[in-house]
Amino acid sequence: MITYYDPKTEPAANQSADLSKDLGTPPSKSTVQVSVEIDGVTIVVPEGTSVLRAAAIADINIPKLCASDNLEAFGSCRLCAVEIEGMRGMPASCTTPVREGMKVQTQNPKIATLRRNVMELYISDHPLDCLTCPANGDCELQDMAGAVGLREVRYGFEGKNHLDGATDSSNPYFSFDDSKCISCSRCVRACEEVQGTFALTVEGRGFDSRISTGQDTNFLESDCVSCGACVQACPTATLTEKSVIDNGQPDHSIITTCAYCGVGCSFRADMQGDKVLRMVPDKNGKANQGHSCVKGRFAFGYATHQDRITSPMIRDNIEQDWREVSWEEALAFAAKRLTDIQEEHGRNSIGAITSSRCTNEETYLVQKLVRAVFQNNNVDTCARVCHSPTGYGLKATLNESAGTQTFESVMKADVVLIIGANPTDAHPVFGSLLKRRLRQGAKLVVADPRSIDLIDSPHTKAQHHLKLRPGTNVALINALAHVIVDEGLEDADFIQSRCDDASFQQWYKHIQDQRHSPENTMEITGVDATELRAAARLYANAGNGAIYYGLGVTEHSQGSSSVMAIANLAMVSGNIGREGVGVNPLRGQNNVQGSCDMGSFPHELPGYRHVSDESTRNLFEQEWQVSLDCEPGLRIPNMFEAAIHGDFKGLYCQGEDIAQSDPNTQHVQKALSSMKCIIVQDIFLNETAKYAHVFLPGSSFMEKNGTFTNAERRISRVRKLMPALAGKEDWQVTIELAKVLGYEMNYEHPSEIMDEIARLTPTFSGVSYERLDQLGSIQWPCNEKSPLGTPIMHTEDFVGEKGKFAITEYVATPEKANKHFPLLLTTGRILSQYNVGAQTRRTANQVWHDEDVLEIHPNDAEDRGINDGDWVGIASRAGTTALRALISQRVQPGVVYTTFHHPLSGANVVTTDNSDWATNCPEYKVTAVQATKVDEPSQWQAEYAQFSQRQAKYLKNKNGGEVAKT
């Protein structure tokens with residue numbers, strides 16, 4: 001007897017298995033093993049495994065068309081028919097589960113005849129244009145015709161057929177050729193089971209059944225979100241990427257990691273030479289499990305866009321033409337300017353901003369450059385303006401600055417509480433996984449001022465929508481906790497064994513106060529007390545209650561308090577330390593977690609260790625052979641203030657666009673204009689680069705090796721797909737800048753940088769490229785105690801300590817609505833665009849969102865005489881901009897909403913300098929504004945458009961201007 005292991009459930013025992021092979025049906029979750037005999041081979045597999053999958057695990061390949069291992073068995077094509085001893089007929093192996101002692105035959109003349117007859121019927125209604133078909137060489141229908149030995153088709157095309165089916169090319173990324181459809185329903189099932197959008201359906205019956213996006217609706221106009229699940233599922237050329245139609249089939253593939261959001265999806269880049277034809281989600285990617293969104297799946301063309309700048313440029317001031325120069329001249333120019341500034345203005349007059357889009361290794365080198373070469377701690381990262389409260393709040397309560405779970409953990413949650421996050425738009429692959437769990441019966445509570453899709457979407461509805469007023473998160477979360485302790489719903493055993501008693505007693509007394517009751521906070525939050533009590537009971541009584549939160553929690557003046565309040569809520573209910581529970585921050589950019597891990601904050605060295613800690617500094621000083629400053633450096637807002645006051649003069653900005661992404665745009669512009677040397681390293685001339693004196697061309701994720709760390713602490717490999725268009729990768733540029741400044745960094749490959757990180761950072765001590773290649777990905781901590789990583793945090797203790805409850809008193813935001821500014825503006829993202837839009841605006845994603853708009857409630861619009869599409873002036877205490885109006889019931893009266901993906905929208909012109917009390921994370925989510933109907937864009941928009949036109953001219957005229965010699 002030979003025992004075979006399912007590679008999905010027993011990967012460690014099956015290292016030789018082909019993990020890319022489609023096994024036909026999903027794995028069984030049973031722990032009971034049964035023995036079956038297939039074609040004389042005895043196989044042991046989990047009970048409930050389909051015959052089709054059991055055979056495939058043993059490398060016995062049964063033909064199939066309607067089956068795929070990411071979809072539930074369907075049994076429509078009949079191609080996988082087998083004979084089973086003691087069973088009548090020839091059942092479909094995909095829908096037949098194994099049982100102990102079962103004997104199966106997959107091949108005999110009778111089965112072969114049936115399969116050929118089935119294939120003959122398919123081919124009799126299918127175009128025979130295989131040689132010119134875009135799927136030629138990658139077509140399952142073609143493969144199965146060969147597998148069953150089909151040699152003739154007796155029926156011909158004289159009868160009724162579908163060969164005149166139309167082609168729908170409305171979607172910018174793929175086409176739907178109806179004439180090639182075999183109605184296997186795999187696309188429909190993928191849309192339902194994997195994506196959860198239910199945009200596709202089977203229309204008609206019998207011979208007239210066809211795949212449809214809705215009555216008289218094409219793909220572009222339908223509910224389709226272009227995730228690509230249907231394209232990936234299609235076994236023919238019916239749904240095909242236009243890149244494949246235009247260029248043919250790929251010749252090799254490389255596994256890499258997506259450079260968009262914090263989900264960190266794994267992709268198989270299908271290549272022709274060094275050209276990427278398509279990105280196919282990797283079925284073995286542990287963060288995405290073979291799924292994707294429109295951005296990661298299709299919006300990768302920005303990497304080779306004509307706007308890419310691939311030569312270094314310099315200029316004396318920002319009203320000069322750029323001058324294209326060699327790498328050597330650009331780096332020498334930059335180094336001299338930085339050196340001159342420090343000589344004139346002191347050691348602390350320069351600093352750097354690291355990137356959450358670059359790799360861990362590149363981010364590590366930038367902070368090393370600042371500390372070892374600039375000799376200060378003036379380094380910060382974009383996490384300052386998004387998730388710095390997460391680091392502060394979770395460290396203060398759970399003793400570690402990161403989320404607690406895997407994404408897959410949500411599949412064991414009974415109740416999910418979403419606070420200030422919109423997963424289906426900002427983290428869509430996780431959003432799809434969550435929707436799958438909700439369809440299985442999990443309950444949902446959403447706390448958000450706006451009605452997000454999860455509240456009411458196909459087959460998923462929230463039990464409670466706590467539509468709170470912007471800025472009142474702490475009051476709401478405290479009220480939820482109050483209900484739990486007031487009604488005796490706390491987990492006393494967990495609190496006693498896992499939490500610090502002194503902090504709990506203090507917090508318990510605090511939270512019991514009636515001022516925190518739903519009835520007394522209702523005036524603050526606007527949330528009905530009965531509804532809030534019901535939501536609290538639902539969460540507290542859940543077997544497993546999970547909390548997921550986003551920027552709607554952190555980007556507030558009380559962001560850190562909100563994060564600590566969430567941790568309190570999880571601890572008091574005992575929802576920490578196992579699957580299906582936890583505190584889960586949904587990180588925004590692809591490597592926000594990694595940029596924080598790598599020491600990008602001015603007060604912390606890699607691994608979240610304070611710069612004042614002498615033993616930690618000694619480690620780095622010995623490795624780097626320098627003396628390190630023990631005083632924290634400047635945060636990004638401090639840099640701006642110091643620049644305006646004349647004390648901060650030089651900035652090295654790698655891969656971030658602070659001129660568009662940071663609040664109070666006019667303040668940021670003033671700060672940038674006050675500096676003597678701004679060095680921007682990026683792939684495009686972004687908004688910040690328009691204020692730069694040195695432009696160092698960057699490399700996209702396709703052009704480099706390295707690692708990203710996603711929101712679940714998962715470290716994944718980024719693999720080079722094509723040569724760096726500028727000739728250098730980002731890590732190499734930082735090394736060469738350090739060398740010109742007199743400091744040698746001796747690395748030949750990013751793997752050597754990771755080795756140094758592992759030597760110096762306890763949570764990364766077991767991480768190496770070799771181990772990443774073996775395991776696919778690793779969740780830190782990875783060390784001697786956890787050599788394979790740590791999927792679930794705090795299973796036994798809170799990093800060697802007990803959980804600490806924190807007092808989180810609600811303090812109203814200083815940003816208040818009044819008669820001059822009666823509305824509250826809050827901001828967020830949209831599915832098709834990403835962050836400041838520098839990447840997605842240079843792709844066909846523009847089809848779905850080519851401008852930012854202002855969502856306004858019908859009542860507020862009517863009061864102001866505003867109609868859909870009108871220009872609306874938005875004025876705040878910080879500035880004025882104008883957007884087109886979108887009248888929407890998604891926002892509540894008194895609240896307006898916009899995105900910030902387009903630079904000329906000026907969303908951050910109106911956001912203020914208010915920020916979190918602990919971390920200076922800006923309060924993007926609460927800005928008091930007035931909205932009025934106007935005839936044209938604002939003065940700022942007009943002036944900035946002129947400025948941008950001048951900068952475009954300076955770029956176009958590069959080499960035409962004079963630049964001072966260095």
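Residues numbered from 1 in each chain as written. Predicted model: local features only at pLDDT ≥ 70, side-chain atom pairs only at ≥ 80, totals over all residues. Heavy atoms only, no water.

S.K.: Help me understand the pairing of strand 11 (residues 266–272) in this model?
M.R.: In regular strands, side chains alternate between the two faces of the sheet. Within strand 11, 5 of the 7 residues are buried, leaving the element largely enclosed by the surrounding structure. As paired elements, strand 10 (residues 252–257) and strand 11 share 6 bridges and run antiparallel to each other. By the bridge assignment for strand 11, Ile-255 is matched with Arg-268. Pairing analysis gives 6 bridges linking strand 11 to strand 12 (residues 275–281), with the strands arranged antiparallel. What sits directly across from Arg-268, in strand 12, is Val-280. Here strand 11 folds back onto strand 12, and the loop between the two strands holds 2 residues, one of which, Gly-273, carries a positive phi near 60°. (Buried < 20%, exposed > 50% of the residue type's maximum accessible area, 1.4 Å probe, protein only. Helix = DSSP H or I, 4+ residues; strand = E, 2+ residues; numbered from the N terminus. Pairing = 2+ DSSP bridges.)

S.K.: Explain the packing of aromatic side chains here, please?
M.R.: Note on aromatic pairs: each is described by the distance of the centres and the angle between the planes. All told, the structure shown has 22 aromatic pairs when counted by the stated rule. The interplanar angle of 40° and the centroid separation of 5.5 Å between the aromatic rings of Phe-407 and Phe-430 together place this pair among those described as tilted. Here Phe-407, found in the loop between helix 10 (388–398) and strand 17 (415–419), pairs with Phe-430, found in helix 12 (residues 428–439); they are 23 residues apart in sequence, far enough to count as distant. We classify Phe-407 as buried; its relative accessible area is 4%. Ring geometry for Phe-430 against Tyr-548: centres 4.7 Å apart, planes inclined by 35°, an arrangement best described as tilted. Note that Phe-430 is positioned in helix 12 and Tyr-548 in strand 22 (residues 545–549), a separation of 118 residues in sequence. Here a set of aromatic residues connected by ring pairs shows up, and it is made of Tyr-173, Phe-174, Phe-176, Phe-219, Phe-298 and Trp-848. Over the aromatic face of Tyr-897 sits the side chain of Arg-450, whose NZ or CZ is 3.9 Å from the ring centroid. (Phe/Tyr/Trp six-rings, centres within 6.5 Å; stacked < 30°, edge-to-face > 60°. Lys NZ or Arg CZ within 6 Å of the ring centre and 35° of its normal.)

S.K.: When you look at the sheet that holds strand 2 (residues 41–46) in this model, what are you seeing that I'm missing?
M.R.: The strands that make up a sheet are held in pairs by hydrogen bonds between backbone atoms, and each pair lies either parallel or antiparallel. The mixed open sheet is built from 4 strands, whose spatial order is 2-1-4-3. Of all strands in the sheet, those with a lone pairing partner are strand 2 and strand 3 (83–84), marking the two edges. Sheet analysis places strand 3 next to strand 4 (residues 103–105), joined by 2 bridges and oriented antiparallel. Counted as the bridge partner of Glu-83 is Gln-105 from strand 4.

S.K.: Please clarify how the packing of helix 9 (residues 360–374) against helix 25 (residues 730–740) should be interpreted in this entry.
M.R.: Each pair of packed helices can be summarised by the angle the axes make with each other and by the distance between the axes. Relative orientation of the contacting elements helix 9 and helix 25 amounts to 10°, with a least axis distance of 9 Å. For the element pair helix 9 / helix 25, the angle class is roughly parallel. Of the residues in helix 25, those in contact with Glu-362, Leu-365, Val-366, Leu-369 and Val-373 of helix 9 are Asp-730, Trp-731, Thr-734, Ile-735, Leu-737 and Ala-738. Per-class residue counts for the contact of helix 9 with helix 25 are 8 nonpolar, 1 polar and 2 charged. (Axes fitted to C-alpha atoms, helices over the stretch in contact; angles between N-to-C directions. Parallel < 35°, antiparallel > 145°, perpendicular 65-115°, else oblique. Contact = heavy atoms within 4.5 Å. Nonpolar A, V, L, I, M, F, W, Y, C, P; charged D, E, K, R; others polar.)

S.K.: I'm lost on the side chain of Ser-226 in this one. Help?
M.R.: Mapping Ser-226 onto the fold places it in the loop between strand 8 (210–212) and helix 5 (229–233). Among the residues examined, Ser-226 registers a relative accessible area of 1% and is labelled buried. A polar side-chain atom of Ser-226 sits 2.8 Å from a polar atom in the side chain of Asn-171. Leaving out residues up to four positions away in the same chain, Ser-226 has contacts with Asn-171, Phe-174, Cys-293, Val-294, Phe-298 and Trp-848. (Polar contact = N/O pair within 3.5 Å; in protein donor to acceptor, adjacent residues only side chain to side chain.)

S.K.: Just to check I follow, could you spell out the sheet that holds strand 31 (residues 777–779) for this structure?
M.R.: A sheet is described by the order of its strands in space; here 3 strands give the open sequence 29-30-31, paired in antiparallel fashion. Edge positions in the sheet fall to strand 29 (706–709) and strand 31, since each of these pairs with one other strand and no more. Pairs of neighbouring strands in the sheet enclose a mean axial angle of 30°, with direction left out of account. The pairing of strand 30 (residues 714–718) with strand 31 spans 3 bridges and is classified as antiparallel. Residue pairing in the sheet places Ser-716 in a bridge with Ser-777 of strand 31. Each of strand 29 and strand 30 is contacted by helix 9, which is oriented at about 90° to strand 29, the strand it contacts most.

S.K.: Teacher, can you tell me more about the environment of Asp-274 here?
M.R.: Following the sequence through the fold, Asp-274 ends up in the loop between strand 11 and strand 12. Placed 448 residues apart in sequence, Asp-274 and Met-722 show a C-alpha to C-alpha distance of 4.9 Å. What Asp-274 contacts, discounting residues up to four positions off in sequence, is Leu-721, Met-722 and Pro-723.

S.K.: Looking at this structure, how should I read the environment of Pro-750?
M.R.: Within the fold, Pro-750 resides in helix 26 (residues 750–760). Residue classification places Pro-750 among the buried residues on the basis of a relative accessible area of 1%. Considering only alpha carbons, one finds Pro-750 and Arg-115, 635 residues apart in sequence, at a separation of 52 Å.

S.K.: What is the right way to look at the pairing of strand 35 (residues 880–887) in this model?
M.R.: One ladder, built from 4 bridges, connects strand 33 (residues 853–856) with strand 35; its direction is parallel. Paired with Ile-856 across the bridge in strand 35 is Ile-887. Bridge analysis of strand 34 (residues 871–875) against strand 35 gives 5 bridges, and the strand direction is antiparallel. When the bridges of strand 35 are listed, Ile-874 appears paired with Thr-881. Where strand 34 folds back on strand 35, the antiparallel hairpin that results is connected by 4 residues.

S.K.: Whenever I open this one, helix 22 (residues 636–644) confuses me. Can you help?
M.R.: Think of an α-helix as turning once every 3.6 residues; residues three or four places apart then point the same way. Among all positions in helix 22, only Ile-636, Met-639, Phe-640, Ala-642 and Ala-643 are buried. An end-on view of helix 22 places all buried positions within 170° of arc, on one side of the element. In this fold, the buried residues of helix 22 make contact with strand 15 (350–354), strand 16 (379–381), strand 26 (650–654), helix 23 (658–661) and helix 24 (665–673). Count one or two residues on from helix 22 and you reach Gly-646, which has phi positive near 90°. (Arc of directions from axis to C-beta.)

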